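Each chain is listed here by its residues.
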Amino acid sequence: MVLTREYVDIPVDGRAMRTFVAAPRAGGPHPGVVFYTDIFQLTEPSLRWAVRLAGYGYLVAVPEIYHRLEPAGTVLEFDDEGKVRGQGDADATTVADFDADVDAALAWLGERASSIGAAGHCTGGHLAFRAAFRPQVRATACWYATGLHDGKLGKDPDAGSLTRAGEIEGELLTVWGTKDPHTPAAGRETIKAGLDPLATRLTWREYEAEHAFGRDVGDRYDPAITDEAFAETITLFRRAL
């Protein structure tokens, strides 16, 4: 499938949220997915994941999650300095600001897509989980979402995301690595118990892999498991969007 790629500015709170958009060139409207990255923003691995998803027939929008703090176009390196800076930006952003950004992205997609889903990796997985609270979001794929078990997201000490699982009306896929120190076994048990309200609308997948196993650079990348998890994601979106 031939795709278009562009950057657009989505307005939110009087400012511009720079967003990468990949979509099929022909036809439309297509189902839309807002995809939230890890703390390093719009890195090449994240953009490749978004383009791969778009190739299955989706309009994929990838907002910069730190647009309130960083200059447009800021991409952080996968090193200690980048990790510290990215986590610092996350810790300086309120949950209310993250939620406002989610609403702006969904509103933009709602004007262009035939239906709406959400996806995210790491911190972005937590943001996608919060996007799922919106009734227009029919399906959400959260890959190794951080902070769900202990409520940690941004500046707020407890985002209370897991306690709001009952607000999710669409389907939810959660993808975990069993070697992930950010969400250990006890944390995954807490999350799974908290997702009981979703009943048959939940797909839970655990793989023998590390945190960020789907990032196609570095020692933690697992191509085979990434392909399995990606196939689950496509199955979800094809069924629900």
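This text gives an overview of the structure that appears in the document.

## Some words on the overall build of the chain
Inference 1: Within the chain, the regular secondary structure consists of six helices and eight strands.
Inference 2: Principal-axis analysis of the C-alpha atoms gives the chain an extent of 45 × 40 × 35 Å.
Inference 3: Counting every position in the chain, which comprises 241 residues, the buried fraction comes to 57%.
Inference 4: Considering only residue pairs separated by 6 or more positions, the chain has 71% of its internal contacts joining residues 24 or more positions apart.
Inference 5: About 10,000 Å² of surface is accessible on the chain, with carbon and sulfur atoms providing 48% of the total.
Inference 6: Between the centroid of the 25 positive side chains of the chain and the centroid of its 36 negative side chains there is a distance of 4 Å.

## Description of a negative patch on the surface
Inference 1: Judged by side-chain charge, Glu 77, Asp 79, Asp 80 and Glu 81 come together as a negatively charged surface patch.
Inference 2: Along the polypeptide, Glu 81 turns up in helix α2 (residues 80-91).
Inference 3: The exposed category is assigned to Glu 81, whose relative accessible area is 62%.

## Some points on the pattern of salt bridges
Inference 1: Counted according to the given criterion, the structure contains 17 salt bridges.
Inference 2: Residue Asp 38 pairs with Arg 215 through a salt bridge whose shortest N-O separation is 3.3 Å. Here Arg 215 lies in the loop between β8 (202-207) and α6 (223-240) and Asp 38 lies in the loop between β3 (32-36) and α1 (44-54), a separation of 177 residues in the sequence.
Inference 3: Note on Asp 38: relative accessible area 5%, which makes it buried.
Inference 4: Residue Arg 85 is joined to Glu 70 by a salt bridge in which the shortest nitrogen-to-oxygen separation is 2.6 Å. Highlighted residues: Arg 85 in helix α2 and Glu 70 in the loop between β4 (59-63) and α2, separated in sequence by 15 residues.
Inference 5: Judged by its relative accessible area of 10%, Glu 70 is buried.
Inference 6: Residues joined in a network through salt bridges with shared partners are Asp 13, Arg 68, Asp 97 and Asp 101.

## Structural notes on the environment of Arg 5
Inference 1: Topologically, Arg 5 is positioned in strand β1 (residues 3-12).
Inference 2: A sequence separation of 17 residues divides Arg 5 from Ala 22, and the C-alpha atoms of the two residues are 4.6 Å apart.
Inference 3: Other than its neighbours up to four places away in sequence, Arg 5 contacts Phe 20, Val 21 and Val 51.

## As for the pairing of β3
Inference 1: With five of five residues buried, β3 lies mostly within the body of the structure.
Inference 2: Covered by surrounding structure in β3 are Gly 32, Val 34 and Tyr 36 together with Val 33 and Phe 35, the residues of both alternating faces.
Inference 3: Relative to β4, β3 is paired through three bridges, and the arrangement is parallel. Following the sheet pairing, Gly 32 is matched in β4 by Leu 59.
Inference 4: Regarding topology, α1 serves as the crossover connection from β3 to the parallel β4, and that connection is right-handed.
Inference 5: Where β3 lies against strand β5 (residues 116-121), five bridges are found, and the strand directions are parallel.

## Let's talk about the side chain of Asp 101
Inference 1: Locating Asp 101 in the fold gives a position in helix α3 (residues 95-110).
Inference 2: There is a polar contact of 2.8 Å between the side chain of Asp 101 and the side chain of Arg 68.
Inference 3: Once residues lying within four places of it in the same chain are set aside, the contact partners of Asp 101 are Val 12, Met 17, Tyr 36, His 67 and Arg 68.

## Quick word on the packing of aromatic side chains
Inference 1: Inspection of every chain in the model, using the stated rule, returns 13 aromatic pairs.
Inference 2: Taken together, the aromatic side chains of Phe 35, Trp 49, Tyr 56, Trp 143, Tyr 144, Tyr 207, Phe 213 and Phe 230 make up a single cluster linked through ring pairs.
Inference 3: Lying across the ring of Tyr 7, Arg 18 places its NZ or CZ 3.9 Å from the centre.
Inference 4: Against the face of Phe 230 rests Arg 52, its NZ or CZ located 4.0 Å from the ring centre.

## Points about unusual backbone geometry
Inference 1: Residue Gly 28 is joined to Pro 29 through a cis peptide bond whose omega torsion reads 5°.
Inference 2: Counting through the fold element by element, Pro 29 comes out in the loop between β2 (15-24) and β3.
Inference 3: Notably, Asp 13 is not glycine yet its phi reads approximately 50°, a positive angle.
Inference 4: Within the secondary structure, Asp 13 is located in the loop between β1 and β2.
Inference 5: With a relative accessible area of 55%, Asp 13 lands in the exposed category.

Cut-offs and rules
- Residues numbered from 1 in each chain as written.
- Predicted model: local features only at pLDDT ≥ 70, side-chain atom pairs only at ≥ 80, totals over all residues.
- Heavy atoms only, no water.
- Helix = DSSP H or I, 4+ residues; strand = E, 2+ residues; numbered from the N terminus.
- Buried < 20%, exposed > 50% of the residue type's maximum accessible area, 1.4 Å probe, protein only.
- Contact = heavy atoms within 4.5 Å.
- Areas by Shrake-Rupley, 256 points an atom, 1.4 Å probe, with all protein chains shown as cover.
- Lys, Arg positive; Asp, Glu negative; His and termini not counted.
- Charge placed at Lys NZ, Arg CZ, Asp CG, Glu CD.
- Patch = residues over 30% accessible without salt bridge, like charges linked within 9 Å, V, L, I, M, F, W, Y side chains within 5 Å.
- Salt bridge = Lys/Arg side-chain N within 4 Å of Asp/Glu carboxyl O.
- Pairing = 2+ DSSP bridges.
- Right-handed = clockwise from strand over helix to strand, strands pointing away.
- Polar contact = N/O pair within 3.5 Å; in protein donor to acceptor, adjacent residues only side chain to side chain.
- Phe/Tyr/Trp six-rings, centres within 6.5 Å; stacked < 30°, edge-to-face > 60°.
- Lys NZ or Arg CZ within 6 Å of the ring centre and 35° of its normal.

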